[in-house]
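Structure at a glance
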Amino acid sequence: MEAMSSSKMMNKINRGERMSAANLRKGFDRRAATPRSRSAFDVIPDLSSLSSSSVPVAVPAPSSRTVEVEGVTVSVRGEESGEEEGEIERGEVGAIFRRLLAFPTDSDLHVFFTCYRGFIEAEELVEMMTRYRARGSKLDHLVDVLSVWLLHPEDLFDQPLLLPLLLHFLDSFERLCDPYSSLPPRIDSLRSSFIKVGESRATPAPSLVITTISVPSTSKVDVLGMTAQDVASVFTFIDHEMFCRVLPSDILHKDRQHKRHVDAMIQRFNSVSGWIATEIVTTTSLKKRSSLIRHFINVASCLSKMHNYNSMLAITAGLNMSVVQRLRKTWKMVPKKQMDDLQELEDLMDCRSNYKIYRHQLEHSPLPCVPYFGIFLRDLTFIDIGNEDLTAKGELNFAKMRMRAETVKELKKFQSVSYDVVPRSSFVNYLSNVVVFDESTLYKHSVVCEPPSEV
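Each residue is numbered by its place in its chain's sequence as written, counting from 1. In view of the model being predicted, local features appear only for residues whose pLDDT reaches at least 70, and side-chain atom pairs are presented and counted only at 80 or more, with totals across whole chains, interfaces and linings using the full set of residues. Remark: hydrogens and water are excluded; side-chain values derive from all non-hydrogen atoms of the structure.

Digging into the overall build of the chain
Helix and strand counts for the chain come out as 21 helices and 6 strands. Taken across its 455 residues, the chain has 52% of its residues classed as buried. Note on contacts: a residue pair is in contact if any heavy atoms of the two residues lie within 4.5 Å. The long-range fraction of contacts in the chain, counting pairs at least 24 apart against all pairs at least 6 apart in sequence, stands at 75%. Using a 1.4 Å probe, accessible areas were evaluated by the Shrake-Rupley method; residue-level cover was limited to the displayed protein chains. Of the accessible surface of the chain, which amounts to about 21,200 Å², a share of 53% is contributed by carbon and sulfur atoms. Numbering goes from the N terminus for both helices and strands, where a helix is a DSSP run of H or I of at least four residues and a strand is a run of E of at least two. Note on exposure labels: buried denotes an accessible area under 20% of the residue type's maximum, exposed denotes more than 50%, and partly exposed covers the range between, all computed with a 1.4 Å probe on protein chains only.

Right, here's the structure in full:
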C-alpha cells in the first residue's frame, strides 16, 4: 500500500472511506510519501462518489399547492390558507422584495437580506421602499423591514454610501408620519442603531496576526512543558477570534475559498496539522516522540471537551499524516488509553452519512463552540451543486436562498458567544507563529527518526 500524504488522506475521508486510528497504522510501506500541492483541509468535497442523497434540493412541502401572486410563486399549505401565509418559492427579485414589504415575515426577511447580494443593488431596495412609502398604507411594514435589515450590517460595511442613503430615507419617512403615532419613536430608535453600527465599523477590531514559519525559531517553546489544557486554551482563543471574523458574505461568495477570512481559517487548519507533524518528526528521541503523540492526543481530547472541533480535527489530521503514521516504533510506545481516546475522536468525526455523528454532537453542544469550519463550506458547495440560482424563466430561486441562509444562521449562532479564556501571552505568541515544514522535508526528518529498514 502506498504511503499517504495528508491531502490524499483527506480525499479518502471526503469519499467516505473508513479511516481510523487502528487501520491507519496498518500497511504503510517504506516508500516516500510524494509531496502534493493540495492542502490537508479539503474545502471542496470530492464529487466522484456524489449521490443524490448527498445533495440538498429544494422541494415544496407535502400537501402544499403553489400559486403565483404578482410575479411571485408561493407555496400554500391547506386549501383555506391565504396568499399572505404562503412560503416564497421563486420570483423576480424585485417582486419578491415588494411582497416582503406587503407581507413582512421575519424568517423570509432574514433569508432575503442574507442572500440578495449579487441579484439586486441595495440602492434599488431603498428606491422600492420610497415608492412603497409614497402609497401611504401600512407604513409600519417599512419599520419591520428596516429592523431586520439592521441585523445584517455587512451591507453597511461593504457599501459606505448606503448608511447616508438609509438615514436620509428615515428622515424623510419621519416627516411624513403622524407625530402622535407609534412610528416616530421606532424610527428614532432605528436611526440611532444604524448610526451606531456605522460607527462600530469606523473603528475595526485589531487584527490577530497568525503566521506560519518554514524555518525553526530560536525561541521555540517546549510543548511538553505546556499542559494539554494550556495548549487547548490557546488554540481555542485563536480559533474563535478568527472564526468570528468570517462574514456571511465571505462564505456565500462564489469564490469563497479566496475570501480573506475564509482563507485564513483554511490556512490555520493546515498550519496546525503541519505543526503537529513537524514537532513529532523533528524530535529525534524515540521516547520523547511517543510522549509528544500522547500529549497531542490529550490536547485533542481537551479541545473536544471545550467544543473546539476545528482544532481537534486539525490535530488528528496531523497525527494521521503519513510521515507520522510510518513511525511504528513510536506508535507502539503510545499507551492504550491515548490510542482509545484517539479512536473515539476519529469516530466522532467520521464523514460517513454526511458527518452524522458529528452533526448530532454539534447540535447538542453548548455555546461557546468552534465548529469544524469545513462543514459550512461543504454544505454550501452541495447546495450550489443541487440548486440553480435562477430558474429557466430567470426567476430567483428563493428556496435555495432559504437553505443558504440556514447555513449562515448556524455560523452566526456559533459566533454569538465567546469563550472566557485568557491564555498566557507567551503561549499565544508561540502557537500563533508555528513552524511548519513541507512534506518533502517532513519525510526526510521522518526517515532519520525511523529509517525505512526499521519500519
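Regarding the pattern of salt bridges
In the sections that follow, a salt bridge refers to a side-chain nitrogen of Lys or Arg positioned within 4 Å of a carboxyl oxygen of Asp or Glu. Throughout the structure, instances matching the rule amount to 23 salt bridges. Measuring nitrogen to oxygen at the nearest pair gives 3.0 Å for the salt bridge that ties D171 to R191. A residue pair is termed long-range when its members are at least 10 positions apart, and D171 in helix α7 (residues 162-176) and R191 in helix α8 (residues 183-202) qualify at 20 residues. The partly exposed category is assigned to D171, whose relative accessible area is 30%. Look at R191 and you get buried, because its relative accessible area is 17%. Residue K337 pairs with D341 through a salt bridge whose shortest N-O separation is 2.9 Å. You can see K337 and its partner D341 sitting in helix α16 (residues 336-348), 4 residues apart, about one turn around the helix.

What about the packing of aromatic side chains?
Stacked, tilted and edge-to-face pairs are distinguished by plane angle, under 30 degrees for stacked and over 60 for edge-to-face with tilted covering the rest, among Phe, Tyr and Trp rings (Trp via its six-membered ring) whose centres lie within 6.5 Å. Tallied over the full model, the rule gives 18 aromatic pairs. Taking the centre distance of 5.5 Å and the plane angle of 80° together, the rings of Y309 and Y358 count as edge-to-face. Residue Y309 is located in helix α13 (residues 309-319), and its partner Y358 is located in helix α17 (residues 352-363); the two are separated by 49 residues in the primary sequence. There is no split in this pair, since Y309 and Y358 are both buried. With 6.2 Å between their ring centres and 50° between their planes, F373 and F376 make a pair best called tilted. The two residues F373 and F376 agree in class, both being buried. In this structure an aromatic cluster arises from ring pairing among F97, F112, F113, Y116 and W149.

Topic: the nonpolar core
What is meant by a nonpolar core is a set of buried Ala, Val, Leu, Ile, Met, Phe, Trp, Tyr and Cys residues, joined one to another through side-chain atoms within 4.5 Å. Counting 128 residues, the largest nonpolar core has M129 and W149 as its most contacted members. Take this core: its biggest share by element is 10 residues, from helix α11 (residues 260-281). Setting aside residues up to four positions removed in sequence, M129 forms contacts with F97, L101, L142, V145, L146, W149, L166 and F169.

Quick word on the environment of M312
Relative to the helices and strands, M312 resides in helix α13. As for M312 and E346, which are separated by 34 residues in sequence, their C-alpha atoms are 9.7 Å apart. Residue contacts for M312: discarding those within four places in its chain leaves A300, L303, S304, L345, L348 and M349.

Considering the pairing of strand β2 (residues 72-77)
For β2, the buried fraction is high: 5 of the 6 residues fall into the buried class. At least two DSSP bridges between two strands are required for those strands to pair. Where β2 meets strand β3 (residues 87-91), 4 bridges bridge the pair, whose relative direction is antiparallel. Residue pairing across strands places T73 opposite R90, the latter belonging to β3.

Considerations on the packing of α17 against helix α18 (residues 374-386)
Fitted lines through C-alpha atoms serve as axes, helices being fitted only where they are in contact, and the angles separating the N-to-C directions of these axes extend from 0 to 180 degrees. The geometry of α17 relative to α18 is characterised by a closest axis approach of 13 Å and an angle of 140° between their N-to-C directions. Judged on the interaxial angle alone, α18 and α17 are oblique. The hand of the α17/α18 crossing is left-handed. From α17, N354, Y355, Y358 and R359 reach across to α18, where they touch I375, R378 and D379. We call Asp, Glu, Lys and Arg charged. Ala, Val, Leu, Ile, Met, Phe, Trp, Tyr, Cys and Pro are nonpolar, and the rest, Gly among them, are polar. Each residue belonging to the contact of α17 with α18 can be placed in one class, and the counts come to 3 nonpolar, 1 polar and 3 charged. Throughout, the term roughly parallel applies to angles under 35 degrees, roughly antiparallel to angles over 145, roughly perpendicular to angles from 65 to 115, and oblique to all others. In this scheme the crossing of two helices becomes right-handed for a clockwise turn of the near helix relative to the far one and left-handed for an anticlockwise turn of less than a right angle.

Some remarks on the confidence of the model for the chain
Each residue carries a pLDDT value, the predictor's own confidence for that position, ranging from 0 to 100. The pLDDT averaged across the chain works out to 84; a share of 80% of its residues lies at or above 70. Note that pLDDT drops below 50 for residues 1-20; the model gives that stretch 70 contacts with residues more than four away or on any other chain. This model gives residues 215-219 a pLDDT under 50, and the stretch forms 5 contacts once residues within four places in sequence are excluded.

Remarks on unusual backbone geometry
Note that the residue after L367, namely P368, is joined by a cis bond; omega there is 5°. Mapped onto the elements of the fold, P368 is located in the loop between α17 and α18. For H307, which is not glycine, the phi dihedral falls at a positive 65°. Tracing the chain through its elements places H307 in the loop between α12 (286-305) and α13. In this structure H307 comes out as buried when scored by relative accessible area, which is 18%. Phi is positive for Y355, close to 60°, though the residue is something other than glycine. Position of Y355 among the secondary structure elements: in helix α17.

Structural notes on helix α9 (residues 228-243)
By definition here, a helix of n residues has an expected span of 1.5 Å times n minus one. Taking 1.5 Å per residue as the helical rise, α9 with its 16 residues ought to reach 22 Å, and the 22 Å between its terminal C-alpha atoms agrees with that figure. For α9, the tally of buried residues reaches 12 of 16 residues, placing the bulk of the element in the interior. Within α9 the residues assigned to the buried category are A228, V231, A232, S233, V234, F235, T236, I238, D239, H240, M242 and F243. On its buried face, α9 is in contact with α11, α12, α13, α18, α19 (398-415) and α20 (425-431).

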